[in-house]
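For reference, the chains in residue letters:
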Amino acid sequence: MTLQSRSLADQLRPLQPHFRQRHSAILPVSQVLLHLRGTDKTKLFDKARNEILDWIAGRAGRTLPDAARRGEAFELDDVGSQPVAAVTLEDPRYWAARLDDADKNVPQRTWVTEIGLADDPSDGIIFGVRLVCVTRGRDAPCDRTIPSFVRTIAVPGSAWLDAVPIRSGPWLVSDDGAVEELVQLLTRPRRADVIVIALPEVSENPADALVAAGDLYRRTLGAAHIVLLSGPASFHLSDRIGKEYSVFRQAVRTYRPGFDPDRDEPYSHPLALPHRIVEWPDGGPVSYATFLVNQSLARSVARGDAHHAVPPFATIRQIAARRRLDTARKAASSDKDLLVIAEGEIIDLKAELADQKQTYDSLIKTLEEERDDARAATEAANNRSTALRYRLEGIQQALSQRGEVLATPPIPNSLDDFETWSASYLAGSVEINGRAYQGIKKSVYQDPALVYKSLLLLRDYYVPMKREGGLDHKRAFDDYCRLLNLEESQTFSGDRWGEEGDTYVVRFAGRRRVLDRHLKKGDSRDPRRCFRLYFFWDEDSEQVVVGWLTSHLDNRLT
C-alpha cells in the first residue's frame, strides 16, 4: 500500500501513542445513586462519611488530617500521598470528596472516585459516587467496577435504589404477587437496569440459573436490580407484559430504564437465549456475566442527568469557594484584604478551569470515539442483516427453480399464538412493533384468519413490490387486496398526523416513525367488524413495520 492510497487515519495511527501522552483518555466507569434512610439523619450522615473516609484512608498513602474526621474541608497532596480532598457545605448540608488512586498495574492510569453525601429534604440522605478512569499513555482495556465501600454503605433495609429497598441478594420472583411487584418496577421511572435471569421451566432453585446471580448482584450493587425468575412465574410475566418482552427457560433479559411495552421495541431490552450464553466468547456464562456488568455500569454514567444526580467534585468546590469569598468580603476590613482574597480566588479558579477544560476535551474525544464505534457496529449489523436476507431470498429462488416451495404458513383460527406465528413466518420481511402486540391482546375482531392473511399479503406481495418495483408486482398486490376485500391506502393526508399527537407514532430503530399506511376493511366503528392494520415501509431494512392492529386508531374526527 502506498502512502497516497492510505487513509489519513492509517497514516496517523503510529502517532497515536504520542497524542495519548498529551491528551488523557477519560472514561466514566460507573455511578451509584442511593437513598439512605434512618431515624437519626445526622447519625446516618456521619456514619456514611466515616465509612467513606475509612476507605480513603486505606488508599491515601498518608494519615488523613484531623479535620477529615470532624467533617471539615481538607486537602492532602504531600509527597508520597495520593491526591485527596474534601469540601463541605452547610446549607443545604453537603459533603463531597475526591480520591485519585494510581493503578497498580497500568502505568499512567488513575482511578478517580468522586463521592457526595447530601441531606434529603424529605427524609434520610442521598449518597452518590462516580468512578472515572483517566489514562495517559497505553490505554489498556478494563472491566467496569463500583468502589468496594458502596457494599458497606448499601446496607439492606436502609439503602434504596429507584425507591425500592436494596435486598441482601438477588430477588427471587416465584409467585404471582412478586411478578406484579416486578412489573411495577419495570414500568416505573427508574435510573438502573433490571436484569432478569430466568430459571428452567419448572424450577424455583437459584442454583439452576445459567448466570451466577449472586456474583452479578455483588458487582452491580447500587447500579442495577438483579432478579431471579422462577419457571412458573415466567408464564405469569409473559401474560402481563407479552411474550415478546418476557424472559423464560434460562434466558436473561436486561430491561433498560423507560420500559414501556406499549411503545418500545423488544430489541431495546436485550434478550440472551441459553445457547448464546453458553457459547459466549472467552468463557461462556462467566464472560457473559462480565458483559452484563459492563453494559449496566456503562449506562449508569451515560444518562444526560448523570452530573446533576452526582455533581462533579470541582463544582462543589467552586460553590464552597464562592461562599468562603462572600463570607470573607463581609468580614474584610479594608480593600487590601479584599484584593488578597480576590487574587487567591482567581488563581484557584484558573487552575480549576484548566483542569475542567482538559477533562471535557478528553470526554468529548472519548464520546466521539464511542459514537464512531456505534456507527460502525450499526453499519456492520445492517450489512449482516442485508446479507442474510439476500441469502434467504437466494434459497427461496433455488427451491423455486427446482420446483419446490416452502411450506405454506398455517392460518390459525385464533390470535392466541400470534407472537410465535409472527416470529416463525414473517422474519426478514415484516416486523411487528411492540405496540402492535398490545393491539392484538386487546383485539376482539371476529375474523382472526384475515389478520394472518393480511400479514402474508404484506410479506409476499407488498414487500416484493417495494424491493423490486415493477408493474407486475403492483398488479399482483392489488389483485390479492381485492381477493381479501382489503384496501391499502395512506393513513391521512399531508402533515395531519401531527394533529393526532403520538397516536400514529411508534419507535423503531431508535427513531420516531409515523404509521403512514394502512390496510382497511369495513367502515363500522364496531371493533368486532372493523379491521385496520397500520404500518410503514422502512427503507433502511427494506421491510414493513406494523405498528398497530386490529382496531381503528382514534383521530381528531373520532
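Residues numbered from 1 in each chain as written. Predicted model: local features only at pLDDT ≥ 70, side-chain atom pairs only at ≥ 80, totals over all residues. Heavy atoms only, no water.

A separate point is the overall build of the chain. A tally of helices and strands in the chain yields 17 helices and 20 strands. Taken over 558 residues, the chain has a buried fraction of 43%. Sequence-distant contacts in the chain: of pairs separated by 6 or more residues, those separated by 24 or more amount to 65%. Accessible surface, the chain: about 29300 Å² in total, of which carbon and sulfur atoms supply 52%. (Helix = DSSP H or I, 4+ residues; strand = E, 2+ residues; numbered from the N terminus. Buried < 20%, exposed > 50% of the residue type's maximum accessible area, 1.4 Å probe, protein only. Contact = heavy atoms within 4.5 Å. Areas by Shrake-Rupley, 256 points an atom, 1.4 Å probe, with all protein chains shown as cover.)

What the 5 strands build is an open sheet, ordered β14-β20-β19-β18-β15; its pairing is mixed. Lying at the two open borders of the sheet, with one neighbouring strand each, are β14 (430-432) and β15 (487-490). Neighbouring strand axes in the sheet, compared pairwise and without regard to direction, differ in orientation by 30° on average. One ladder, built from 5 bridges, connects strand β18 (residues 517-521) with strand β19 (residues 531-538); its direction is antiparallel. Within the sheet, the bridge partner assigned to K520 lies in β19 and is R532. (Pairing = 2+ DSSP bridges. Axes fitted to C-alpha atoms, helices over the stretch in contact; angles between N-to-C directions.)

This part is about the packing of helix α14 (residues 418-425) against helix α15 (residues 434-442). Running from amino to carboxyl end, α14 crosses α15 at an angle of 140°, the nearest separation of the two axes being 11 Å. Considering their axes alone, α14 and α15 lie oblique with respect to each other. Mapping the contact onto sequence places F418, E419 and S422 in α14 and Y437, I440 and K441 in α15. Residues belonging to the contact of α14 with α15 are distributed by class as follows: 3 nonpolar, 1 polar and 2 charged. (Parallel < 35°, antiparallel > 145°, perpendicular 65-115°, else oblique. Nonpolar A, V, L, I, M, F, W, Y, C, P; charged D, E, K, R; others polar.)

What the 8 strands build is an open sheet, ordered β2-β3-β4-β5-β6-β1-β7-β8; its pairing is antiparallel. At either margin of the open sheet sits one strand with a lone partner, and together these are β2 (74-76) and β8 (164-165). Relative to strand β6 (residues 125-135), strand β1 (residues 25-36) is paired through 11 bridges, and the arrangement is antiparallel. Paired with L33 across the strands is G128, a residue of β6.

Moving on, we get to the packing of helix α6 (residues 176-187) against helix α8 (residues 231-241). Packing of α6 against α8 brings their axes to within 9 Å, and their N-to-C directions diverge by 45°. It follows that α6 is oblique to α8 by the angle criterion. Judged by the twist between their axes, the crossing of α6 over α8 is right-handed. Note on element contacts: α8 touches α6 through A233, H236, L237, R240 and I241, opposite D176, V179, E180, L182, V183 and L186. When the residues that make up the contact of α6 with α8 are grouped by side-chain class, the tally is 7 nonpolar, 1 polar and 3 charged. (Left-handed = near helix turned anticlockwise from the far one by under 90°.)

Structurally, the position occupied by L271 is in strand β13 (residues 271-272). Expressed as a C-alpha distance, the spacing of L271 and E244, which sit 27 residues apart in the sequence, is 9.8 Å. Aside from chain neighbours lying at most four places away, what touches L271 is S246, V247, A251, V252 and R253.

As a further point, take the pattern of salt bridges. Summed over all chains, the structure comprises 25 salt bridges. For R70, the salt bridge goes to E72, with nearest N and O atoms at 3.1 Å. A residue is classified by how much of its surface remains accessible, and R70, at 53% relative accessible area, is exposed. For E72, a relative accessible area of 35% translates into the label partly exposed. Between D478 and K474 there is a salt bridge, with the nearest N and O atoms lying 2.6 Å from each other. On the criterion of helical spacing, the pair formed by D478 and K474 is a turn pair, its members being 4 residues apart in helix α17 (residues 471-483). The class of K474 is partly exposed, set by a relative accessible area of 36%. Among the charged side chains, a network of salt bridges with common partners joins R98, D100, E114 and R130. (Salt bridge = Lys/Arg side-chain N within 4 Å of Asp/Glu carboxyl O.)

Another aspect to go through is the environment of R93. Tracing the backbone through its elements, the reader meets R93 in the loop between β3 (84-89) and β4 (94-102). We classify R93 as partly exposed; its relative accessible area is 22%. In this structure the C-alpha to C-alpha distance between R93 and D120, which are 27 residues apart in sequence, comes to 9.1 Å. With residues up to four places along the chain from it excluded, the contact list for R93 reads T42, F45, D46, R49, L117, A118 and D119. Reaching out from R93, the side chain makes a polar contact with the side chain of D46 at a distance of 3.0 Å. (Polar contact = N/O pair within 3.5 Å; in protein donor to acceptor, adjacent residues only side chain to side chain.)

These results come straight from atomic positions and should not be treated as a statement about function.
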